[in-house]
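Notes for the structure review
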Amino acid sequence: MNFGEILVEALTLTLLYATPYLYSALGELFVQRSGVLNLGVEGMMLMGAFTAIFAIAPAGLGAAPLMGVLLAAAVGALMGLAAAVVNVTLQAEQGISGIGFSLFGLGLSSLLFKVLAGGVIVASGFEPIHIPLLSDMPIIGRIFFQQNLMVYAAFALVPISAWVINRTKWGLQIRAVGQNPAAADTMGVNVVRVRYTTLLLGGALAGIAGASLSIALTGIFQENMTEGRGFIAVALVYFGGWSPWRVMLGALLFSIANNLQIWVQILEVQIGGQPIPPNLLIMVPYILTIAVLIFARQRKRLEPAALTKPFQRGEN
Amino acid sequence: MKNSRYLALLVVVLLLALIGTSVQAQAPIRVALVMPSSITDISWSQSIYEGLVRVQQELGGASALEIAYTEGMFDVTAASQALRDYAEQGFDIVVAHGAQYGTSLFELAGDYPETSFAWGTATDTGADRGFNNIFAYEAAAQEGGYVNGVMAGLLTESNVIGIVGPVPAGDAILYINGFQQGVYAANPDAQVLLAYTGSFGDTAAAAEVAQTQISAGADVLTGTAQQVVGAIDAIQAAGGLWFGTQADQSPNWPDTVVASQVYDWAPMFRDMIAQRQNGVLGGIVYRLTLENGGQFFAYGNFELPAEVRAAADQAIADIEAGVVYPLAFMPSEIFRVAVVMPSAITDLAWSQAIYTGLTNIQRQLGGTDALEIAYTEGMFDVTAAAGAMRDYAEQGYDLVIAHGTQYGTSLFELAPDYPETSFAWGTATDTGADLGLTNVFAYEAAAQEGGYVNGVMAGLLTQSGTIGVVGPVPAGDALLYINGFQQGVAASNASANVVIAYTGSFGDTALAAETAQTQISAGADVLTGSAQQVVGAIDAIQAAGGYWFGTQSDQSVNWPETVVASQVFNWAPTIGQMIDNILSGTLGGEAYTITLANGGLRIIYGGVDVPADVVAAADAAIAGIIDGSITVARELPGQ
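Notes on the overall build of chain B
- Of the regular secondary structure elements, chain B holds 19 helices and 24 strands.
- Summarising its shape, the C-alpha atoms of chain B cover approximately 90 × 80 × 55 Å along the three principal directions.
- Counting all 639 residues of chain B, 56% fall into the buried class.
- Across chain B, every contact between residues at least 6 apart in sequence was considered, and the portion connecting residues at least 24 apart equals 70%.

Here you go:
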């Protein structure tokens, strides 16, 4: 393979494997823009991942793939609702409760997996869809137009999210509640209701992110299969400066860094006649993320001022 | 004249030496047997006498090998006198054929340094007390017992099987333990009734025990020692079946005795004679096993169903290959094992392999009443794992297994606090002996061996010439496997390109899938990989229509058309050996390695229609590794 071919394959896989980050990070973006930090994304993803595979596997419920995604979204939304009760109504410390939800999702998904599935269950989910004409284009066709439905939907979600947040009344309410909940409250915006809805949406998207892991990327479920991707999603929201487009860029950057390090490994790229230790390569995407976070401080422009601060009428 | 006196003495000595050697060359080898029962007891004594007679015939009769024997020596004092008499008479080899004769033997062996003594069943040659003229021998009676048990378990219709034992010791207890394990392995629902008569020769007592067991519903019986003739008679009258041991018991009851485990002592005597000619008078422990031909099976006239015979033959083959390990001991009270592992017991890889090993031993020992298994899975956090191990030790578990190299430091800190608890650590080779620890076993898998075999097949099956390896981290068991795999590919297809990538994780399924897809993009059509993460990679290669080679557990279950073969870790024999050690008082200090040769590693094929030449190449690789003509390096140059 020449370098160009490798790059095409790398980009194709980059888009595919950026999918779970996109769903989960965009969901988290809505939540954070309304002033709530949801660290429970990881647990919601795990619940979604299990729900989806169990819904569609022949050994499970045998439903259609889309039904699996819908059920995963519903389960994620349910967890989002629980997170809303804890964080918004009961005003718990958001960082701590979020970790609680992550551990809860890890435990419950593992338990359900054991009880309902008993072991590895396999399901074929979404097959790649070749978009007519477009997929025949050289290079572009392979990278962009031979992906599966979950990938297309994830990327479609980026402009939709940007539009909802910046151009709709609900988006305005979300931004207002995240910046200054007291003022929004005075203007007649129901702060509690807005935060409930963003957490419901964030939970649902985390559930879908999990579903994309289990039924669009791998076709199986394993305990703790998210392996910290939910926390990467939270980091990507900061990384992307609370803008959907930049969150997408972050997801792509992280994803391509990861895919390229795999290529470096399999092509046995050497530096000074020595192979690069795999452990070093595996760290690259994470180091890159930290580096970009350090050098991108000015992105704090969009940071919701009320982030992590519970709202109580009469305070502030 | 002092000098001439010395000269005369020298001449006399030389003459004597000459006479001595010439006499030795012509005189027959003289072997004496002292036995507790008669040479026609169709069991213990008959088997050794017949073995010796066979050697006599081979050597050319009584002029080459003189046999003397004293039978019926149930009185140990009388036996002691007989042994001394034979030694006094200058017999070359004096055999004390009974565990009970040991004390007397050690008292007299020192007085006859030129005489070889043999003592069985025993494993003690007295070497640590300075004896060098005692051979010890024992029969691994549990092996044949296991095979008999398998047949008995399959043949019983009432699901009740009786065992008529003499005393719970020596050869008898080994046979009885093995028999029970065979029954449970073949038929977990069967009930085993075990009763001892307290005697070796009380035929009536044996008959009574047998009849009592028949009344309790038993339709298949076995038993050991010369007393059993009474029991065989009883089960024949009841129309049931009998399984024999020690000697062929079918001639008198051809329709009742299904099969007998027969001891063949001839190879042992041949070797003892050869050793003496080389000046070795003792110090060797002989074991009669199925593998070394010390045991074989004799069948009666009973029409054994083909599937039962096949199961027996399979059991024999499995025991010979080390795939099945009949324990010498059965726990007298519930034996409690706890295992701490980094992933789930259903991970199709690392943790599943040890759990399957434990459940196999559990079934063999008779289920949850005999062996309790406690486990903590998903312990990727080493600190949490250390806590779990301490809890298990605190709760008094007999054996606590730390199933992960990463748990070693914690284990070594913990083991001294619980000297009564046995610990096992894998994969590792360090039992902590340097630190003064005596209660830690270590175990590892020679994963490079199966890796080589898989690699040979992968090299032949690839059409694109590119083979991908999805590794977790370049260390431990995974690295051994991957190194072996590369050597195998190089051996079968020098032009093939192996692309390796590590995920840095053991459990990141999605990353494994991505790595696999990247390798597929790079042209790979055959993949392999290690750790529980690989399920994601298998799915990816299945979607691409390629082949997968697995390791640790059989991974073909979910992807039968994609997984060509898996190297399966069979930990059951290792766990069995540890339990045997613990039950005999050794709590640690041994390191085990499972290999293709000892049956701990096996290549299990999936549902792929593998071309015959590929299978032949794999078989040749396995045979070469076992016989040593192929050596697979643990490390590659430059590592």
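Concerning the interface of chain A and chain B
- Contacts between the two partners involve 27 residues from chain A, matched on the other side by 31 residues from chain B.
- When residues of the side of chain A that touches chain B are traced back to their parent elements, those giving at least two are α1 (3-33), α9 (191-218), α11 (244-266) and α12 (278-295) of chain A.
- When residues of the side of chain A that touches chain B are assigned to their parent elements, the largest contribution, 5 residues, is made by α11 of chain A.
- By residue class, the composition of the side of chain A that touches chain B is 14 nonpolar, 10 polar and 3 charged.

Thoughts on unusual backbone geometry
- Residue Thr121 of chain B is bonded to the preceding Gly120 of chain B through a cis peptide linkage, with omega at -5°.
- The residue Thr121 of chain B is located in the loop between β4 (116-120) and β5 (134-139) in this model.
- With an omega dihedral of -5°, the bond running from Gly426 of chain B to Thr427 of chain B counts as a cis peptide bond.
- One non-glycine residue, Ile139 of chain A, adopts positive backbone phi at about 60°.
- Along the chain, Ile139 of chain A falls in the loop between α4 (94-117) and α5 (140-144).
- Residue classification places Ile139 of chain A among the partly exposed positions, given that 13 C-beta atoms sit within 10 Å.
- Positive phi values are uncommon outside glycine, yet Ala225 of chain B reaches one of about 85°.

Some details on the sheet that holds strand β17 (residues 440-445) of chain B
All names here are of chain B.
- An order of β14-β13-β15-β16-β17-β23 is seen for the 6 strands of this open sheet, with the pairing classed as parallel. In this open sheet, the two strands that pair with only one neighbour each are β14 (371-376) and β23 (591-594). Each neighbouring strand pair of the sheet contributes to a mean axis angle of 20°, computed without reference to strand direction.
- In the sheet, β17 pairs with β23 via 4 bridges, with the strands oriented parallel. Opposite Ala442, over in β23, you have Ala591 as the bridge partner.
- Against the sheet, helix α18 (residues 572-583) makes contact with β13 (335-340), β15 (399-403), β16 (422-426), β17 and β23, and its axis sits at roughly 160° relative to β23, the strand it touches most.

As for the domain arrangement of chain B
Residue and element names in this part refer to chain B.
- Each domain of chain B was delimited in the assignment, giving domain 1 (23-140 + 267-288), domain 2 (143-262 + 313-321), domain 3 (335-445 + 575-594) and domain 4 (447-569 + 609-627).
- Its C-alpha centre places domain 1 at a distance of 29 Å from the equivalent point of domain 2.
- Contacts between the two partners involve 13 residues from domain 1 and, on the opposite side, 15 residues from domain 2.
- Element by element, the count of residues in the side of domain 1 that touches domain 2 is highest for helix α2 (residues 44-59), at 3 residues.
- When its residues are assigned to classes, the side of domain 1 that touches domain 2 shows 7 nonpolar, 5 polar and 1 charged.

Let's talk about helix α3 (residues 76-88) of chain B
Residues and elements named next belong to chain B.
- The end-to-end C-alpha separation of α3 is 18 Å, in line with the 18 Å expected for 13 residues at 1.5 Å each.
- Burial in α3 covers these residues: Ala79, Ala82, Leu83 and Tyr86. Along the long axis of α3, the arc covered by the buried residues comes to 100°, so they all point the same way.
- Packed against the buried residues of α3 are β1 (29-34), β2 (65-70), β3 (93-97) and α4 (102-108).
- Where α3 terminates, the next one or two residues include Gly90, which has phi positive at roughly 85°.

Basis of the calculations
Residues numbered from 1 in each chain as written. Chains lettered and ligands numbered in written order. Predicted model: local features only at pLDDT ≥ 70, side-chain atom pairs only at ≥ 80, totals over all residues. Helix = DSSP H or I, 4+ residues; strand = E, 2+ residues; numbered from the N terminus. Buried ≥ 20, exposed ≤ 12 C-beta atoms within 10 Å, placed from the backbone. Contact = placed C-beta atoms within 7 Å. Nonpolar A, V, L, I, M, F, W, Y, C, P; charged D, E, K, R; others polar. Pairing = 2+ DSSP bridges. Axes fitted to C-alpha atoms, helices over the stretch in contact; angles between N-to-C directions. Domains from an automatic or database assignment. Expected span 1.5 Å × (residues − 1). Arc of directions from axis to C-beta.

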